[in-house]
Amino acid sequence: MYLSIMKGLSTLLLLCSTALLCSAAPAVEPVTCSEDGGAAAARMAAHHIDENHDHGYKFKLSEIKGNKVEKVDDGCEIELQLDLLETTCHNINPTHFEDCMIRFETDRAVMANCSVRMSVRNGDARVRNYHCDTRQGGEMMMICPDCPNLISLHDPDGMKSVKEAVQRFNENTTNQNYFILKDVGRIKIGWMMMTGSNYWAEIALVESHCPMGSRILPEACKPLYPDRARHAYCRSSYSKSKGLRSVECEYYPPMNSTALGDGEREPICRPEDTVGLPPPPAGGVGGPPPPPDQERQRHMPPFHSFHCHGSDAAIHPICPWPRPEPHGPRLNQE
Ligand SMILES: *[C@@H]1O[C@H](CO)[C@@H](O)[C@H](O)[C@H]1NC(C)=O
Ligand SMILES: *[C@@H]1O[C@H](CO)[C@@H](O)[C@H](O)[C@H]1NC(C)=O
Ligand SMILES: *[C@@H]1O[C@H](CO)[C@@H](O)[C@H](O)[C@H]1NC(C)=O
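Now for a description of the structure that goes with this document. Sequence order as written defines the numbering, with residues in each chain counted from 1. Chain labels run from A onward and ligand labels from 1 onward, assigned in the order the entries are written. This being a predicted model, a pLDDT of at least 70 is required before a residue's local features are given, and a value of 80 or more before pairs of side-chain atoms are given or counted; all residues contribute to the totals for chains, interfaces and linings. Computation of side-chain values covers all heavy atoms of the structure but excludes hydrogens and water.

### Brief notes about the overall build of the chain
Item 1. Counting secondary structure elements, the chain contains 6 helices and 9 strands.
Item 2. Across the 334 residues that make up the chain, the buried fraction comes to 49%.
Item 3. Considering only residue pairs separated by 6 or more positions, the chain has 69% of its internal contacts joining residues 24 or more positions apart.
Item 4. All accessible-area figures derive from a Shrake-Rupley calculation using a 1.4 Å probe, and residue coverage is judged against the displayed protein chains alone. Here the chain has roughly 16,700 Å² of accessible surface; of this, 55% comes from carbon and sulfur atoms. Starting at the N terminus, helices and strands are each numbered in turn, a helix being any DSSP run of H or I of at least four residues and a strand any DSSP run of E of at least two. When a residue's accessible area, from a 1.4 Å probe over protein chains only, is under 20% of the maximum for its type it is buried; when over 50% it is exposed; and in between it is partly exposed. In this analysis, two residues are considered to be in contact whenever any of their non-hydrogen atoms come within 4.5 Å of each other.

### As for the pairing of strand β3 (residues 110-121)
Item 1. Counting buried positions along β3 gives 9 out of 12 residues, so the element sits mostly inside the fold.
Item 2. Alignment of strand β2 (residues 75-90) against β3, held across 11 bridges, turns out to be antiparallel. Counterpart to Leu80 in the pairing with β3 is Val116.
Item 3. Any two strands with at least two DSSP-identified bridges between them are counted as paired. Counting the residues in the hairpin turn of β3 and strand β4 (residues 124-136) gives 2 residues, including Asn122, whose phi is positive at 50°.

### Some words on the state of the cysteines
Item 1. The rule for a disulfide is simple: a pair of cysteine sulfur atoms within 2.5 Å. What the rule picks out here adds up to 6 disulfides.
Item 2. Here Cys114 engages in a disulfide with Cys132; their sulfurs sit 2.2 Å apart. Looking along the S-S bond of the Cys114-Cys132 disulfide, the torsion reads about 105°, which is the right-handed sense. Within this pair, whereas Cys114 is found in strand β3, its partner Cys132 is found in strand β4, the two being separated by 18 residues in sequence.
Item 3. Take Cys132: its relative accessible area is 12%, and that puts it in the buried class.

### Points about the pattern of salt bridges
Item 1. Note on definitions: salt bridges are taken to be side-chain nitrogens of Lys or Arg within 4 Å of carboxyl oxygens of Asp or Glu. One pass over the structure, following the stated rule, counts 18 salt bridges.
Item 2. Between Arg103 and Glu86 there is a salt bridge whose closest N-O contact spans 2.9 Å. One end of the pair, Arg103, is in the loop between β2 and β3; the other, Glu86, is in strand β2, and 17 residues separate them in sequence. Pair check on accessibility: Arg103 and Glu86 agree, each one buried.
Item 3. For Asp107, the salt bridge is made with Lys188, and the minimal N-O distance between the two is 2.7 Å. On the criterion of sequence distance, the pair formed by Asp107 in the loop between β2 and β3 and Lys188 in strand β6 (residues 177-192) is long-range, its members being 81 residues apart.

### A look at the site of ligand 1
Item 1. A molecule or strand has a residue near it when one of that residue's heavy atoms lies within 4 Å. The environment of ligand 1 is made up of Gln81, Asn113, Cys114, Ser115, His131, Cys132 and Asp133.
Item 2. In protein, a polar contact requires one atom able to donate a hydrogen and another able to accept it; more generally it is a pair of N or O atoms within 3.5 Å, and residues adjacent in sequence count only if both atoms are side-chain atoms. Gln81 places a polar side-chain atom, nitrogen or oxygen, 3.5 Å from an oxygen atom of ligand 1.
Item 3. Side-chain polar atom of Asp133 to a nitrogen atom of ligand 1: 2.8 Å apart, as the coordinates give it.

### A word on the pairing of strand β8 (residues 231-239)
Item 1. For β8, the tally of buried residues reaches 8 of 9 residues, placing the bulk of the element in the interior.
Item 2. Here strand β7 (residues 196-211) pairs with β8 via 9 bridges, running antiparallel. Across the sheet, residue Glu202 finds its bridge partner in β8, namely Arg235.
Item 3. A loop of 3 residues connects β8 with strand β9 (residues 243-252), the two strands running antiparallel in sequence.

### Some points on the sheet that holds β3
Item 1. The antiparallel open sheet is built from 4 strands, whose spatial order is β1-β2-β3-β4. Of all the strands in the sheet, just β1 (57-72) and β4 have a single pairing partner and so form its edges. Adjacent strand axes in the sheet meet at a mean angle of 15° when their direction is disregarded.
Item 2. Direction of pairing for β3 relative to β4: antiparallel, over a ladder of 12 bridges. Each residue of the ladder has a partner; that of Arg117, found in β4, is Asn129.
Item 3. Angles run from 0 to 180 degrees between N-to-C directions of axes, and those axes are lines fitted to C-alpha atoms, restricted for helices to the stretch in contact. Where helix α2 (residues 38-52) meets the sheet, it contacts β1, β2, β3 and β4, and its direction lies at approximately 130° from that of β1.

### Some thoughts on helix α4 (residues 156-169)
Item 1. Expected span of a helix: the number of residues minus one, times 1.5 Å. The end-to-end C-alpha distance of α4, which contains 14 residues, comes to 20 Å, matching closely the 20 Å that a straight helix rising 1.5 Å per residue would cover.
Item 2. Turning to α4, its buried residues are Gly158, Met159, Ser161, Val162, Ala165, Val166 and Phe169. For α4, the arc enclosing every buried residue in end-on projection is 155°, short of the 170-degree limit, so these residues lie on one face. Pointing more than 90 degrees away from the buried face of α4 are the exposed residues Pro156, Lys163 and Gln167.
Item 3. Summarising the contacts, the buried residues of α4 are in contact with β6, β7, β8 and β9.
Item 4. For α4, the N-terminal capping position is held by Asp155, with its side-chain oxygen 3.1 Å away from the main-chain nitrogen of Asp157. The arc in question is the one traced by the directions running from the helix axis out to the C-beta atoms.

In structure tokens form, the structure reads like this:
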């Protein structure tokens, strides 16, 4: 029993080497080739998908729609059809995705259906590829036609509200360093009687190397190394007529809080880690390229610089795997 838990844990640790994604890692059942092993395979696939989903929110397994196992000499090929639901944990949130809450339907839920191929060889399971269709829940128009709508993550007024929220955040002089925008999770627009159009944004911020009060332009501030940076997740409310109304944030401590040695400098992301748009996906995922001035394109942590475009500009789609990037995937081919 103990041994099998340890084995599960070590599998998870491998899956969770990006520290931001996993905190408490519950034991997982090993993936086998038996026909009733679909749950373990689906769980491993969901971990893998979340591990590589580095924008927006974590997803959680909702249903196994299909599970085909094809035996080969020394193992099997598994093909899964999975339904996932978006949670309210942004991917900077250290909460384990299985402990995250699913979004209410009235809060513009997002779902994805994925087809996943895995292979098991000599007891060793790995995810070979997957692709997902990510979309907004369809019933909202019927349930609540007047509820706030998601708008494009690049919407100019939405981005204005985001910029002001980041500025307001940085007025908190308790923070040692400036924080910069890392990711816009979602932006909703709604109509309010007294103030007209209102924007509700959810954003992820990362601590930068610029000390609070320094005269460096925030645009020139580089994020600290992902596991040494604090992160913050904020919800803002902004009205077109009255400006920024509120910003509420939660802080996540750095994964690595080891004090720096004498003379050691805080590592920051090198420009080549953070700058530049990823190459267009080979699979032709479609959609127009984002404007190059998107902050979030520049402040992604190293190892995670892939972004794909779905058909809905208001949500972060689950990008296909393996990624069409020159560095190649890091994790599933050890
Ligand atoms: C998602 O579901 C639709 C309808 O059931 C199906 O046509 C599509 O192929 C699925 N997409 C993936 C990636 O599995
Ligand atoms: C200011 O920052 C500190 C952490 O540095 C945080 O604990 C506090 O809640 C923040 N205050 C506001 C008003 O955001
Ligand atoms: C924590 O950060 C320090 C300073 O960058 C580094 O030397 C150390 O290797 C890090 N520890 C881990 C476990 O990554």
